[in-house]
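Spelled out from the first residue to the last, the chains are:
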Amino acid sequence: MNILDLQLPNKSSDYQILIGNGLLLDVNNFLPVIKGQQVFIVSNETVAPIYLEHLKKTLSQFEIHSYILKDGEKYKSLSSLEDILDSMLNSGLRRNATLIALGGGVVGDIGGFAAAIYQRGINFIQVPTTVLSQVDSSVGGKTAVNHPLGKNMIGAFHQPVRVITDLYTLKTLSNREFLAGIAEIIKAAIIADRQLFYWLENNSESILAQEIETLSTMIHASCSIKAKIVCLDEKEQGVRAWLNLGHTFGHAIERVLGFGELLHGEAVAIGIVMATEYSVRLGLLSSSESEAVRRLIQRFGLPTTLDSMNFRVSASDLVSAMALDKKNVDADLTLILPKAIGKVTIRNNIKTQDVEQFIEQFLE
Ligand code: NAD
Ligand code: MG
């Protein structure tokens, strides 16, 4: 088992991420961080039929309750949250209970938020079951639900007491979701870990074959990067913005195509290529490094352009969507841009006209 110790500025919220195979079958992984007798598991209708009974059996010494969410981003909503809270109250859940989120980022975000606000906050354990949730959403303590006017608009910071990443659960994840999660790992490597970038290149076959040892090393390395950045900036004032590499372009792509056409990680993959090429345009990055980024993304079967996916979009639509993303239509853009593989910089005052020109060329 790989263990990552997360040390947060507020020492009392330090916690561990355990990474290994079959971890949800061993009660010892849970015991040190469960306080009372009551456990409330939040999962969804895809994950629960496969893993919920196993987890309940592991925790059979506790009084267990569960809530099964419908599957999909649209259920990360206030009305689902209300349902979860109703169910927690109906179960007679006390303040010393522990909420366990068993599932991907949707379950983790809404489960975490329920734990953050139930009786002003209860114990929370994440059992992330997608690559994305294992390397991204389970690290950093952000919890939220969506609002019709914006994604993740209602939420709280609430750190888990432990993250238990059972690599075995990835066996049932679709290949497309698996690869989309890798996009966030490539992103982390470009931001802060050159060595990881080349390790990904050298180990791509083993990763694609989902060899457990390789996955464990990869997820540990990727979580460490996010953990370091988050520890420097727990409440998102400065360097945490680095994690948005590829996301301003990526969100714009998601918005213009309509959410759901591409998986988030796929849009981010294209967004990373765009940020990298834009960086070359500004003279910040060499074209050979930008080429290496494109090659790595391709190697993992992720998209690098929009036309390879047969999508037709215009540069002006994308730029407007980017401006919208930052709520600064007609104003300058801020972008996270790589200076080298393993180093990024935050650039303000980027002219939308220049980005639009760049996108026109990119789309050709
Ligand atoms: P998801 O939770 O929707 O999971 C993707 C799909 O995989 C779903 O259909 C799910 O049911 C299925 N699934 C999950 N685990 C499975 C398994 N082991 N086997 C088979 N199927 C499985 O999506 P996601 O990509 O995990 O997370 C996306 C969410 O995470 C978004 O809501 C996003 O806003 C959020 N997010 C949060 C943070 C944060 O810091 N809190 C960071 C990044 C993303
Ligand atoms: Mg992301």
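Residues numbered from 1 in each chain as written. Chains lettered and ligands numbered in written order. Predicted model: local features only at pLDDT ≥ 70, side-chain atom pairs only at ≥ 80, totals over all residues.

J.: What am I meant to see in the overall build of the protein chain here?
T.: Counting secondary structure elements, the protein chain contains 13 helices and 11 strands. Taken against the 2.2 N^0.38 rule, which gives 21 Å for 364 residues, the C-alpha radius of gyration of the protein chain at 20 Å falls within 12% of a compact globule. Based on the C-alpha atoms only, the size of the protein chain along its principal axes is roughly 60 × 40 × 40 Å. Across the 364 residues of the protein chain, 46% fall into the buried class. In the protein chain, of all internal contacts separated by at least 6 residues, the share reaching a separation of at least 24 is 73%. (Helix = DSSP H or I, 4+ residues; strand = E, 2+ residues; numbered from the N terminus. Rg over C-alpha atoms; globule rule 2.2 N^0.38 Å. Buried ≥ 20, exposed ≤ 12 C-beta atoms within 10 Å, placed from the backbone. Contact = placed C-beta atoms within 7 Å.)

J.: Just checking my understanding: could you explain the site of ligand 1 for this structure?
T.: Contacts to ligand 1 come from 25 residues, most closely from Thr46, Gly104, Gly105, Thr130 and Ser137. Looking at the shell around ligand 1, the elements with two or more residues in it are α3 (105-117) and α4 (131-137). (Near = placed C-beta within 6 Å.)

J.: Is there a simple way to think about unusual backbone geometry in this case?
T.: Of all residues except glycine, most have a negative phi; of all peptide bonds, most are trans. Of note, the phi angle at Asn152 is positive, near 55°, even though the residue is not glycine. Within the secondary structure, Asn152 is located in strand β8 (residues 150-157). One non-glycine residue, Asn349, adopts positive backbone phi at about 55°. Residue placement: Asn349 occurs in strand β11 (residues 343-350). Look at Asn349 and you get exposed, because 8 C-beta atoms sit within 10 Å.

J.: Sorry, what's going on with the sheet that holds strand β6 (residues 123-128) here?
T.: By way of backbone hydrogen bonds, the strands of a sheet pair with one another, either parallel or antiparallel. Read across the sheet, seven strands follow the order β1-β2-β9-β6-β5-β3-β4 without closing on themselves; strand pairing throughout is mixed. Edge strands, defined here as strands with exactly one partner in the open sheet, are β1 (2-6) and β4 (63-69). Neighbouring strand axes in the sheet, compared pairwise and without regard to direction, differ in orientation by 15° on average. Taken together, the five bridges between β1 and strand β2 (residues 15-20) define a ladder with antiparallel strand orientation. Residue pairing in the sheet places Leu6 in a bridge with Tyr15 of β2. The strands touched by helix α1 (residues 48-58) within the sheet are β3 (38-44), β4 and β5 (98-103), with β3 carrying the most contacts at an inclination of about 165°. (Pairing = 2+ DSSP bridges. Axes fitted to C-alpha atoms, helices over the stretch in contact; angles between N-to-C directions.)

J.: What am I meant to see in the pairing of β8 here?
T.: Consecutive residues of a regular strand have side chains that alternate between opposite faces of the sheet. Summarising the sheet, strand β7 (residues 142-147) and β8 pair through five bridges and their orientation is antiparallel. The residue of β8 that forms the bridge with Thr143 is Ala156. Hairpin connection of β7 to β8: two residues between the antiparallel strands.

J.: I tried to follow the UniProt feature "binding site: Zn(2+)" (unreviewed entry) in the protein chain on my own but got confused; where do I start?
T.: Mapped onto this structure's residue numbering, the UniProt feature "binding site: Zn(2+)" (unreviewed entry) falls at Glu184, His247 and His264. For the annotated residues, spread through 81 residues, the largest C-alpha to C-alpha distance comes to 10.1 Å, consistent with a single compact locus. Within the secondary structure, His247 sits in helix α9 (residues 247-257). For His247, a count of 22 C-beta atoms within 10 Å puts it in the buried group. Apart from the residues lying within four places of it in its own chain, the contact partners of His247 are Val268 and Gly271. Positionally, His264 belongs in helix α10 (residues 264-281). Since 22 C-beta atoms lie within 10 Å of it, His264 is described here as buried. (UniProt positions renumbered as here; feature names shortened; annotations may be inferred.)

J.: Can you walk me through the confidence of the model for the protein chain in this structure?
T.: Averaged over all residues, the pLDDT of the protein chain equals 94, while 96% of them reach at least 70. ipTM for the predicted complex: 0.99, alongside a pTM of 0.96. (pLDDT = per-residue confidence, 0-100.)

J.: Even after reading the chapter, I still don't get the nonpolar core, so can you show me in this structure?
T.: A general feature of soluble globular proteins is that nonpolar side chains tend to end up buried together. Ranked by size, the top nonpolar core spans 106 residues in total, and within it Leu99, Ile186 and Ile272 carry the most contacts. The greatest single-element share of this core, amounting to 12 residues, is contributed by helix α5 (residues 175-192). (Core = buried A, V, L, I, M, F, W, Y, C linked by C-beta atoms within 7 Å.)

J.: Looking at this structure, I do not really get the packing of helix α2 (residues 78-90) against α3. What am I missing?
T.: Helix-helix packing: each pair is described by the crossing angle between the helix axes and the interaxial distance. Running from amino to carboxyl end, α2 crosses α3 at an angle of 50°, the nearest separation of the two axes being 10 Å. Between α2 and α3, the angle is such that the two are oblique. Read as a crossing pair, α2 and α3 show a hand that is right-handed. Taking contact as the criterion, the partners of Ser80, Leu81, Ile84, Leu85 and Met88 in α2 are, on α3, Ile110, Phe113 and Ala114. For the contact of α2 with α3, the class distribution of residues is seven nonpolar, one polar and no charged. (Parallel < 35°, antiparallel > 145°, perpendicular 65-115°, else oblique. Left-handed = near helix turned anticlockwise from the far one by under 90°. Nonpolar A, V, L, I, M, F, W, Y, C, P; charged D, E, K, R; others polar.)

J.: How should I be thinking about the pairing of strand β10 (residues 333-340) in this particular structure?
T.: Of the pairings in the sheet, the one linking β10 to β11 comprises six bridges and is antiparallel in character. Counterpart to Ile336 in the pairing with β11 is Ile346. Linkage of β10 to β11, two consecutive antiparallel strands, is achieved through a turn of two residues, within which Gly342 is found at a positive phi near 105°.

J.: I would appreciate a short explanation of the packing of α9 against α10 in the present structure.
T.: Relative orientation of the contacting elements α9 and α10 amounts to 130°, with a least axis distance of 7 Å. Accordingly, the angle class assigned to the pair α9 and α10 is oblique. Note that α9 runs across α10; the crossing there is right-handed. The segment α9 lies against α10, with His247, Phe249, Gly250, Ile253 and Glu254 engaging His264, Ala267, Val268, Ile270, Gly271, Met274 and Ala275. A breakdown of the residues in the contact of α9 with α10 according to their chemical character gives seven nonpolar, four polar and one charged.

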